[in-house]
Each structure stands twice: as structure tokens, then as C-alpha cells.
Amino acid sequence: MNLMINDQVYEVDDRLDRLLLWVLRDELGLTGTKFGCGIGICGSCTVHLDGNPIRACVTMLSAAQDKDVRTIEGLAEVDTNGETVLHPVQQAFLEEQVPHCSWCMSGQMMTAAALLEQNPNPTGEEIRQAMNNNYCRCGTYYRIRKAVARAAELKVLS
């Protein structure tokens, strides 16, 4: 079976009864998607499926068939000079020095990127609501919200 992940085609075993998280991490080596709770609550495994944030730890591989999957590895882009250009969310998270242990950061960034695709200029309350179901063991919620607001500004500037 072929999967479209980060604009690249990957061939994987066609057993569809496996969790997307383990296919991404164990079979394809895309380890930016983290395993946290394993029951879809914490958000550390968040990826995009056709642009929508989903929890890879509770999503069967069959759900990704014929869909576009984006992981944290595919959030940045490569410009015409071959240089990596960080997504505004990635840039803002660095600027605001959000990460501590970083376990939740890829899920936080993927959730934020999906929010900004759907709502390029969210209010503080909209950011809080969108990010509300992604947990951070280190409690960096204030900086996360600040970084999402900064990413919205950067997105407008780019």
C-alpha cells in the first residue's frame, strides 16, 4: 500500500489494522510524532490528515489510505536554494523559547499549524480553545499561546 506523507510516497505493508503512529515511527522512521498517552488525550501524536489535526495513536492506518498525511517533519519547506525554511509555527516556538522537555512540542505545533490554516488571525480565546486539548507536562501553556499568536503574525508577514 502507498501512503502520501509530507508530499512523498511511502510504501508500507498493506495490513490496515495497525495504528498510524506506529507505522510512522517504527516502519518509516518519522519519529517526530511522539507517543504520549496512547488513548488520544494528550495530543503529542498529533498529525494532519487532509489538513485536519488527528491523533495518530488512535487512528488506524486504514484512515490514512488515499489521504494526505503531514507530520512535524513535513511542516518546514525547502526553498529554491535548497535551504530549509521553518514554518511560522516552528519559528515562533523557537523565538518564544517554548520547549522544555519537548515531548509534546510536535503535537502542539501540528495543532497550532492546523488552527492557523483554518483561522489565520485567531483571538486569544480561539487560540486557548484550539490548544486546550494538547497537554504539556512542563506547563508551558502561556508560552505556547504566545507562540501561536506570534506565528499568526509571522504567517501574515510571509
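Quick note: structure is the one above.
Scope of this entry: the structure provided in the associated data block. This structure is a prediction, so every number in the text was calculated from the model and none was measured.

1. Some details on the environment of valine 78
Looking at the secondary structure, you find valine 78 in strand β6 (residues 77–78). Its relative accessible area of 58% is what places valine 78 among the exposed residues. On a C-alpha basis, the gap between valine 78 and asparagine 134 in space is 28 Å, while along the polypeptide they are 56 residues apart. Beyond its immediate sequence surroundings of up to four residues, valine 78 is in contact with Glu83 and Thr84.

2. A word on the pattern of salt bridges
Taken as a whole and assessed by the stated rule, the structure comprises eight salt bridges. For lysine 146, the salt bridge identified is with glutamate 96, shortest N-O distance 3.5 Å. Here lysine 146 is found in helix α5 (residues 141–157), whereas its partner glutamate 96 is found in the loop between α2 (88–95) and α3 (105–118), with 50 residues between them in sequence. Measuring nitrogen to oxygen at the nearest pair gives 2.6 Å for the salt bridge that ties glutamate 125 to arginine 128. Taken together, the residues span about one helical turn, with glutamate 125 and arginine 128 both in helix α4 (residues 124–131) at a distance of three residues. Residue arginine 128 is classed as partly exposed on the basis of its relative accessible area of 36%. In the salt-bridge network here, residues are joined through shared partners; they are Glu95, Arg150 and Glu153.

Reading guide: rules and limits
Residues numbered from 1 in each chain as written. Predicted model: local features only at pLDDT ≥ 70, side-chain atom pairs only at ≥ 80, totals over all residues. Heavy atoms only, no water. Helix = DSSP H or I, 4+ residues; strand = E, 2+ residues; numbered from the N terminus. Buried < 20%, exposed > 50% of the residue type's maximum accessible area, 1.4 Å probe, protein only. Contact = heavy atoms within 4.5 Å. Salt bridge = Lys/Arg side-chain N within 4 Å of Asp/Glu carboxyl O.

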